[in-house]
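# Close look at the chain arrangement
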Amino acid sequence: MKKFLFTTIAITLMAILSACGAVEATNDSQHVAELASKIADFDLPEGYVSEFSAEMAGYTLATYKGTSDPSHLYLIQSEKEADGEELERMLTQLAPGSSDANTRMTVIENRPVTVRGQEVTLVISDGVNHAGNSYRQATVAFEGKGGPALLVLSESLDLWNDETVGTFLASVQ
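Rules of the game
Residues numbered from 1 in each chain as written. Predicted model: local features only at pLDDT ≥ 70, side-chain atom pairs only at ≥ 80, totals over all residues. Heavy atoms only, no water. Helix = DSSP H or I, 4+ residues; strand = E, 2+ residues; numbered from the N terminus. Buried < 20%, exposed > 50% of the residue type's maximum accessible area, 1.4 Å probe, protein only. Contact = heavy atoms within 4.5 Å. Areas by Shrake-Rupley, 256 points an atom, 1.4 Å probe, with all protein chains shown as cover. Arc of directions from axis to C-beta. Pairing = 2+ DSSP bridges.

## Remarks on the overall build of the protein chain
A tally of helices and strands in the protein chain yields 4 helices and 9 strands. Ordering the α and β elements of the protein chain from the N terminus gives α-β-α-β-β-β-α-β-β-β-β-β-α. When the 173 residues of the protein chain are sorted by exposure, 44% land in the buried category. Partitioning the intrachain contacts of the protein chain with sequence separation of at least 6 by distance along the chain shows that 52% fall at a separation of at least 24. Carbon and sulfur atoms make up 52% of the accessible area of the protein chain, which amounts to about 8,500 Å² in all.

## A few points about helix α2 (residues 29–39)
For α2, the complete set of buried residues consists of H31, V32, L35, A36 and I39. One side of α2 holds all its buried residues, which, seen down the axis, span an arc of 135 degrees.

## Digging into the environment of R104
You can see R104 is positioned in the loop between β5 (99–100) and β6 (105–115). Distance in space between the C-alpha atoms of R104 and G127 is 5.4 Å, their sequence separation being 23 residues.

## Some words on the pairing of strand β8 (residues 134–144)
Burial runs high along β8: 8 of the 11 residues are buried. As judged from the 7 bridges shared by strand β7 (residues 118–128) and β8, these two strands associate in the antiparallel manner. Bridging from a neighbouring strand, V123 pairs with T139 of β8. Between the antiparallel neighbours β7 and β8 lie 5 residues, among them G132 with a positive phi of about 85 degrees. Sheet topology note: the β8/strand β9 (residues 147–156) ladder contains 10 bridges and is antiparallel. Of the residues in β9, the one forming a bridge with A141 is L150.

## Notes on unusual backbone geometry
A positive phi angle, close to 55 degrees, is found at R116, a residue other than glycine. Note on placement: R116 falls in the loop between β6 and β7.

So this is what it looks like as structure tokens:
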């Protein structure tokens, strides 16, 4: 779960650096779509809209938000192939039942899925955000258009729908 924390910190760091002008970042929906298309093509889940995008030191980030507070979709890609091995290694260490008090997340399931024609492992976790809202999170590493990529989809437990997640993941090309 410490690796989940690392991913969250990396995304937060990019947001902070962009605010300081150290990263080219924008909340322009066209730019978010352009950067997301550098990672993969996909059909957004219903209700999700562009939120933020950034490029920095070989990393590309595109984020979307859903209709409720914990609803987010993060796509991050690295140009460094070695990052793909690290992503895959860290996700295989997340076994059902493992939890982390710092992130307040517990892995509930690992399942095989196909993303961009690749057989990969989807990690499903439950957590509680800073506002005390319970949510479920789907995390999967895959080979994006320009390098290793990570997709994180979070949704409130009330709105979580496995079929919607499956349809979304199947659309990622």
